[in-house]
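Residue-level structure breakdown
Here is how the chains run, residue by residue.
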Amino acid sequence: MGMVKCFMIVLLLGFCHVSMAAPSGEKKSRRKTYIVHMAKSEMPASFEHHTHWYDSSLKSVSGEAAMLYTYDNAIHGFSTQLTNQEAKQLQSQPGILAVLPELRYELHTTRTPEFLGLSRAADLFPETESASEVVIGVLDTGVWPESKSFVDTGLGPIPTSWKGACESGTNFTTSKCNRKLIGARYFARGYEAALGPVDESKESKSPRDDDGHGTHTASTAAGSVVEGASLFGYAEGTARGMATRARVAVYKVCWTGGCFSSDILAAMEKAIEDNVNVLSMSLGGGMSDFYRDSVAIGAFAAMEKGILVSCSAGNAGPGAYSLSNVAPWITTVGAGTLDRDFPAFVSLGNGRNYSGVSLYRGSPLPGKMLPFVYAGNASNATNGNLCMMGTLIPEKVAGKIVLCDRGMNARVQKGAVVKAAGGVGMVLANTAANGEELVADAHLLPATAVGQKSGDDIKGYLFSNSNPTATILFEGTKVGIEPSPVVAAFSSRGPNSITPDILKPDMIAPGVNILAGWSGAVGPTGLATDTRRVDFNIISGTSMSCPHVSGLAGLLKAAHPDWSPAAIRSALMTTAYTEYKNKQKMQDIATGKPSTPFDHGAGHVDPVSALNPGLVYDLTVEDYLAFLCALNYTEFQIRSLARRNFTCDASKSYRVTDLNYPSFAVNFDSVTGGSNVVKHTRTLTNVGSPGTYKVSISPETANLGVKISVEPESLSFSQANEKKSYTVTFTGSSQPTNTNSFARLEWSDGKYIVGSPVAISWT
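So, here's what we can say about the structure. Model, not experiment: these values are computed from the prediction. (Residues numbered from 1 in each chain as written. Predicted model: local features only at pLDDT ≥ 70, side-chain atom pairs only at ≥ 80, totals over all residues. Heavy atoms only, no water.)

Here the focus is the overall build of the protein. Scanning the protein from N- to C-terminus turns up 18 helices and 40 strands. Taken against the 2.2 N^0.38 rule, which gives 27 Å for 763 residues, the C-alpha radius of gyration of the protein at 26 Å falls within 12% of a compact globule. Principal axes of the C-alpha set define a box for the protein whose edges measure 80 × 65 × 60 Å. Counting only carbon and sulfur atoms, one obtains 50% of the accessible surface of the protein, whose full area is about 27,400 Å². (Helix = DSSP H or I, 4+ residues; strand = E, 2+ residues; numbered from the N terminus. Rg over C-alpha atoms; globule rule 2.2 N^0.38 Å. Areas by Shrake-Rupley, 256 points an atom, 1.4 Å probe, with all protein chains shown as cover.)

Right, let's get into the sheet that holds strand E32 (residues 615–616). Taken together, 4 strands build an open sheet; the order of strands is E32-E34-E38-E36 and the sheet is antiparallel. Only two strands of the sheet have a single neighbouring strand rather than two, namely E32 and strand E36 (706–711). In the sheet, strand E34 (residues 677–686) pairs with strand E38 (residues 723–732) via 9 bridges, with the strands oriented antiparallel. What sits directly across from arginine 682, in E38, is tyrosine 726. (Pairing = 2+ DSSP bridges.)

Buried together is how nonpolar side chains tend to be arranged in soluble globular proteins. The biggest cluster of nonpolar side chains holds 108 residues, and the ones touching the most others in it are Ile264, Phe300 and Trp329. Looking at this core element by element, the count peaks at 8 residues for helix H9 (residues 294–304). What phenylalanine 300 contacts, discounting residues up to four positions off in sequence, is Trp329, Val621, Tyr624, Leu625, Leu628, Leu641, Ala642 and Arg643. Listed in part, the 37 residues of the second largest apolar core include Val226, Val418, Leu428 and Trp518. (Core = buried A, V, L, I, M, F, W, Y, C linked by side-chain atoms within 4.5 Å. Buried < 20%, exposed > 50% of the residue type's maximum accessible area, 1.4 Å probe, protein only. Contact = heavy atoms within 4.5 Å.)

The subject of this paragraph is the packing of helix H17 (residues 621–630) against helix H18 (residues 635–642). H18 packs onto H17 with a crossing angle of 145° between their chain directions and a minimal axis gap of 10 Å. Note on packing geometry: the crossing formed by H17 with H18 is right-handed. Across from Leu625, Leu628 and Cys629 in H17, the residues of H18 making contact are Ile638, Leu641 and Ala642. Residue composition of the contact of H17 with H18, grouped by class: 6 nonpolar, no polar and no charged. (Axes fitted to C-alpha atoms, helices over the stretch in contact; angles between N-to-C directions. Left-handed = near helix turned anticlockwise from the far one by under 90°. Nonpolar A, V, L, I, M, F, W, Y, C, P; charged D, E, K, R; others polar.)

On to the packing of aromatic side chains. Enumeration over the complete set of coordinates arrives at 20 aromatic pairs. Taking the centre distance of 5.3 Å and the plane angle of 85° together, the rings of phenylalanine 598 and phenylalanine 742 count as edge-to-face. With phenylalanine 598 in helix H15 (residues 597–600) and phenylalanine 742 in strand E39 (residues 740–748), this residue pair connects regions lying 144 residues apart in the sequence. With relative accessibility at 23%, the residue phenylalanine 742 sits in the partly exposed group. An aromatic cluster is built from Phe290, Phe300, Trp329, Tyr624 and Phe627, whose rings are joined through pairwise contacts. The ring of tyrosine 234 has arginine 361 lying over it, and the distance from NZ or CZ to the ring centre is 4.3 Å. (Phe/Tyr/Trp six-rings, centres within 6.5 Å; stacked < 30°, edge-to-face > 60°. Lys NZ or Arg CZ within 6 Å of the ring centre and 35° of its normal.)

Now for the side chain of asparagine 315. Within the secondary structure, asparagine 315 is located in the loop between strand E15 (308–312) and strand E16 (331–336). On the basis of relative accessibility, which here comes to 3%, the residue asparagine 315 falls in the buried class. At 2.5 Å, the side chain of asparagine 315 and the side chain of threonine 542 are in polar contact. (Polar contact = N/O pair within 3.5 Å; in protein donor to acceptor, adjacent residues only side chain to side chain.)

The subject of this paragraph is the environment of alanine 98. Take alanine 98: it is sitting in strand E5 (residues 96–101). Under the relative-accessibility criterion, alanine 98 is labelled buried at 11%. As for alanine 98 and histidine 76, which are separated by 22 residues in sequence, their C-alpha atoms are 11 Å apart. Among all residues touching alanine 98, those that are not within four sequence positions of it are Ile35, Val36, His37, Gln91 and Ser640.

Within this model, the second largest cavity holds a volume of roughly 60 Å³. Taken together, Pro495, Asn496, Pro500, Ile502, Leu503, Phe598, Ala665, Val666, Asn667, Ala759 and Ser761 form the lining of the second largest cavity. Contributions of two or more residues to the lining of the second largest cavity are made by strand E33 (664–668) and strand E40 (753–762). No other element matches the 3 residues that E33 contributes to the lining of the second largest cavity. Of the residues contributing to the lining of the second largest cavity, the split by class is 8 nonpolar, 3 polar and no charged. (1 Å grid on protein atoms, 1.4 Å probe; cavity = no way out; pocket = protein on both sides within 12 Å on 5 of 7 lines; lining within 4 Å. Points joined across faces, edges and corners; volume = space filled by probe spheres on them.)

Working definition: the covalent bond between the sulfur atoms of two cysteines is a disulfide. Inspection of every chain in the model, using the stated rule, returns 4 disulfides. At a sulfur-sulfur separation of 2.0 Å, the disulfide partner of cysteine 387 is cysteine 404. Negative torsions about the S-S bond denote left-handed disulfides, and the value of about -85° found for cysteine 387 with cysteine 404 makes this one left-handed. In this pair, cysteine 387 is assigned in the loop between strand E20 (370–374) and helix H10 (394–397) and cysteine 404 in strand E21 (residues 401–405), connecting sequence segments 17 residues apart. With relative accessibility at 0%, the residue cysteine 387 sits in the buried group. On the accessibility criterion, cysteine 404 (0% relative accessible area) is buried. Linked covalently through their sulfurs, cysteine 629 and cysteine 648 form a disulfide whose S-S length is 2.0 Å. Judged by the sign of its S-S torsion, about -90°, the bond between cysteine 629 and cysteine 648 is left-handed. (Disulfide = S-S within 2.5 Å.)

Before going further, it helps to spend a moment on the environment of serine 230. Mapped onto the elements, serine 230 comes out in strand E9 (residues 226–231). Along the sequence, serine 230 and aspartate 535 sit 305 residues apart, while their C-alpha atoms lie 8.2 Å from each other. Among the polar contacts listed, one links the side chain of serine 230 to the backbone nitrogen of glycine 233, at a separation of 3.1 Å.

Put into C-alpha cells, the structure is as follows:
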C-alpha cells in the first residue's frame, strides 16, 4: 500500500511502525545496513582525512562492503551494508563508538491562517527582507514544483547565506527550482541498499513528489499565496502557507517502501550544510533511546547550528505513551481540528437524519430513497463488514447504498470496493477505535463518514427493518464550527516513554482536514484507481500539524533572528491556549471531556501572541549535555549523539528536572514509597519590556493531591535579556486520589502571561 494510503487511514494514520530495514535479493540476504558512529578526534595521524580512516576501518572487516554515505554534520561516521559478523568485528575496532542497525521510518499522515489569526495580524509580522531570508527545509516525499504554492512572484534574490542545490533526476531538472523553491535534493542509497533499485516507471528517482505528502507539508509550512484554491470546490478560498515569504528547500527521503534512517541522516547532514533555518519532519521516529534514534541524533546537530527541528508527534492516539520524536531538542507537535467542516447527512427511510462528513464531488445520488444494506450481510467473509477487497457479493449490493465499518483498510478504498461490486453509495461507520472523530475524504462514489453513536443507530435501523432505505445529502463547506479546536483522537499522547520527566507533546496545531498543495502524479485518495488530478488536497494527520509549527517558527525567526530554537519553541509554548473564548477547557474528541497536557502539551499555538511572549525559557548545547549526564548516558553514548569528547563531572549532581524546559512533568513513585518531594529549577530570560512578574498556579493545588510552592514568587526584570531563576517544589500526597493530576503555572506582569503546563503522575 502506497504511503499516501498509509497516512490517510486514521487507524494507520501515520504512526506507522519503525522496523529494522531488511535487505532484499539473494546476494544481499546476509547483509543489512548499519550506521557507524566514529570518534573523529581519535583518527590516527597516518590518515590525511577522516574519510580515508573510515574507509580503512570498513575494509579491515569487509572486502566487498562500500560506504553508502559519509557523515560529518549530523553524526561523525558512515553507513554501509554488513553481515552480523562484520558488524560485530567493526564494533571492536579502535575509534568506533557504535554500529547501529538502520531503522525504517514512515510518514505520519486555506482556513488555517484565519483560524490562527495570521490574516488579520499580517501587519504584526515583518514584511521586511528578514522574512524572505528564512529557509525552511522539509524532509518528506519530495515536491511537485509546478504547484502554484511554489510560485516566486514578488520574492527577491535567493539569500546569500544559502549553500544548497537543486538536483536533477527522473522528471526533474534544475530549472524546476526558483526563488521560492530554492533547494531540492533526493536521498535513495539507503532505500536501494535495503529494497533494490527505485522502479523509475513507478517512482521518480529525483526530488519530484509522486505521492503528494511532501508537496502538502512544504506548502503548508511556506506556500505562496494562491487565490481561488479548493478541493472540488470544498474549502474554497485563498491558500497560503504559514510563512508565505520564506524560502523552501525539499529533501526527498521517503519512498514507496518507507523512509530509511541512513537517507534521513544524509538529508539532515546536507540541510545543516545548506544553511536551512528550520527543519520540518513529518515522519515517525519510534521509541528508542536518543543515542539510537537517527532523527534525535541529526536534530541535536541541527540544534547546535541554531536550526529549529519540528516533528510530528505521531498518529497512534488516543492511547497513552504513544508519542514519537520526544527528544527535548525537538519540537513535538500534536494535532487539533479547525473550525471548518464538510457536512454530509445520511437520511434514513424512517425519517431520521445523521450528520457525517465528506469531500465527495461528482454525480449526485438520484433524488429518492435507495435500498440500503449492511456490508456484513452482503458478504461471505468473516470480516465482510469492513469492505475489504473482493469480500462483497455483487448481487447483494448492486444499486444499493452500503454501510461499511471503519478499520483495517483505507477509508477511501472501502468506497472503491463498494463501487466495484455495483454499489451506488457508502456510509462509513466509526467503531469504538475511532469514536466520534470524523475525517473527511474525497470518495470515489457518493459517501459519508459518521461517528460511532450514529453508526450504531443506523445499524440498528438496518437490522430491524425488512426493507431499509437511505440517501446521502451533501452540504458543502461550513465554517464557525464550535467547539474548536479539539484534540484529534489520532494525535499521539503522553506520557513520554523515554524521559517521563520531560512533558510531551510540546503543543498542538491544526492537523484535521487541511487544504494544501498536491502532486499531479496521484489522485486525492492516493488509490491507483483514482484518475482524478487536483492542485490542492484535504488530508489529516500530525503530518499536517508539524509543518504549521515549522512555518510559524520561520515567522518568529524572521522577527527575532537572534533567538535560539529553544527560545522560539518557548514563545510558542508559553503563549499557547488551553481554553476557548468562553473560558471552557479545550476538548479531547476521543473522550468528549477536557483534554490534558498529555494530549495537548502547552496547548494550541497562538502565533500572534508568540511574537511577543515577554519571557522565554532558553537552552544551550551545554544544558542538553547536562541533561544527557542526568540520564546517566555513558561517554560513548554522549559522543555518538553529540559528536564530541564530553565527560560528565563526577562531582556534580545532574537532574533531568533542572533542564530549562517550558513545561513540568512531575513523577512520584507510589509503589516503593520513594521521595514525595520533587524540585524543578527554571531560568527565565526577558525578551519584552521591563516588569515585575508574579507567579500563580491553577487550579487550587489542594485538589491535586500535591502541594506546589514557588520560590521566589516574584521576579523583576529591568533590561532586555536579563535572566532570573526560580525553583518549584512539588510535595506529593502519600495517598493520591488520582493517578494523574494537572495544573498550570503562570508568570504575569499584567501585560504578558507566560504559561506552563504541569503534569503530575504517581507510578
